[in-house]
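In case you want the letters, here they are:
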Amino acid sequence: MTDSSVSSRKVLSKIATNRLQKELTEWQINPPSGFTHKVTDNLQRWVIEVNGAQGTIYDNEKYQLQVDFPENYPMEAPQVIFLHPAPLHPHIYSNGHICLDILYDSWSPAMTVGSICISILSMLSSSTAKERPEDNDRYVKNCRNGRSPKETRWWFHDDKV
């Protein structure tokens, strides 16, 4: 077995563990509206249920986000994807990858899981059409070998949705 076939996940640093425990405690006391954390014993991977906001095209729809935290969180952004089925949205690919700048180039260690969730809900809520990105098929095909969305060079050009 080669190193590339072994999971590249590394153990969380003490700073990351402390930060995530603090965020989890805050979440349990005051969760962001429209989100439910599915409790597991894995601090490094969170599954979060997303409820579409009332009055939007996603009203009464439920989706799941998977949030994987790197060993040096919060200095590095977590990987955030929608689990299948991903919502139809111009910035969400059918494989669950999300084109949202705060998950990549605009990440700041001051951001939290809660702020990520609110940004994703805002992105969903501002959409007026349920459709995939124009390059969905090509992008998903290029990701077939398990490519992480963090390995993509995203082009953030549309802030309308």
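Predicted model, so just to flag it, every value in this text is computed and none were measured. (Residues numbered from 1 in each chain as written. Predicted model: local features only at pLDDT ≥ 70, side-chain atom pairs only at ≥ 80, totals over all residues. Heavy atoms only, no water.)

Enquirer: What's the story with the pattern of salt bridges in this structure? I'm lost.
Expert: Pairs may arise between side chains of opposite charge once their charged atoms sit close together. Applying the stated rule across the entire model yields five salt bridges. One salt bridge in this structure joins Arg45 and Asp68, with 2.5 Å as the shortest N-O distance. With Arg45 in strand β2 (residues 45-51) and Asp68 in strand β3 (residues 62-68), this residue pair connects regions lying 23 residues apart in the sequence. Judged by relative accessible area, which is 32%, Arg45 ranks as partly exposed. A salt bridge links Glu49 to Lys62; the nearest nitrogen and oxygen atoms lie 3.7 Å apart. Residue Glu49 is found in strand β2, and its partner Lys62 is found in strand β3; the two are separated by 13 residues along the sequence. Residue classification places Lys62 among the exposed positions, given a relative accessible area of 55%. (Salt bridge = Lys/Arg side-chain N within 4 Å of Asp/Glu carboxyl O. Helix = DSSP H or I, 4+ residues; strand = E, 2+ residues; numbered from the N terminus. Buried < 20%, exposed > 50% of the residue type's maximum accessible area, 1.4 Å probe, protein only.)

Enquirer: Could you clarify how one ought to interpret the sheet that holds strand β1 (residues 35-38) in this entry?
Expert: As a general point, the strands of a sheet are linked pairwise by backbone hydrogen bonds and lie either parallel or antiparallel. Here four strands make up an open sheet; going across it, the order is β1-β2-β3-β4 and the pairing antiparallel. Each end of this open sheet is capped by a strand with a single partner; those strands are β1 and β4 (79-82). In this sheet, adjacent strand axes meet at a mean angle of 25° when their direction is disregarded. As paired strands, β2 and β3 are joined by seven bridges and run antiparallel to one another. Bridge pairing in β3 places Asn51 opposite Lys62. Each of β1 and β2 is contacted by helix α1 (residues 14-29), which is oriented at about 30° to β2, the strand it contacts most. Most of the contacts of helix α2 (residues 113-126) go to β2, to which it runs at about 35°, and overall it touches β1, β2, β3 and β4. (Pairing = 2+ DSSP bridges. Axes fitted to C-alpha atoms, helices over the stretch in contact; angles between N-to-C directions. Contact = heavy atoms within 4.5 Å.)

Enquirer: Where do I start with the pairing of β1 in this structure?
Expert: Regular strands show a simple pattern: their side chains alternate between the two faces of the sheet. Taking every second residue as pointing to the same face, the buried face of β1 carries Phe35 and His37, while none of Thr36 and Lys38 on the other face is buried. Of the pairings in the sheet, the one linking β1 to β2 comprises four bridges and is antiparallel in character. When the bridges of β2 are listed, Thr36 appears paired with Glu49. Here β1 folds back onto β2, and the loop between the two strands holds six residues.

Enquirer: Explain the confidence of the model for the protein here, please?
Expert: Close inspection of predicted coordinates is inappropriate in any region flagged by low pLDDT. The share of residues in the protein with pLDDT of 70 or more is 84%, and the mean pLDDT across the chain is 87. Element-level mean pLDDT values for the protein span from 85 in helix α3 (residues 136-142) up to 97 in β3. For the stretch residues 1-7, pLDDT sits under 50, and the model shows one contact to residues farther than four places along the chain or on other chains. (pLDDT = per-residue confidence, 0-100.)

Enquirer: Please clarify how unusual backbone geometry should be interpreted in this entry.
Expert: The bulk of non-glycine residues show a negative phi, and the bulk of peptide bonds are trans. With an omega of 10°, the peptide bond running from Tyr73 to Pro74 counts as cis. As for its position among the elements, Pro74 is in the loop between β3 and β4. Cis geometry marks the peptide bond from His84 to Pro85; its omega dihedral reads 0°. Inspection of the secondary structure assignment puts Pro85 in the loop between β4 and α2. Backbone geometry places Asn60, a non-glycine residue, at a positive phi of 65°.

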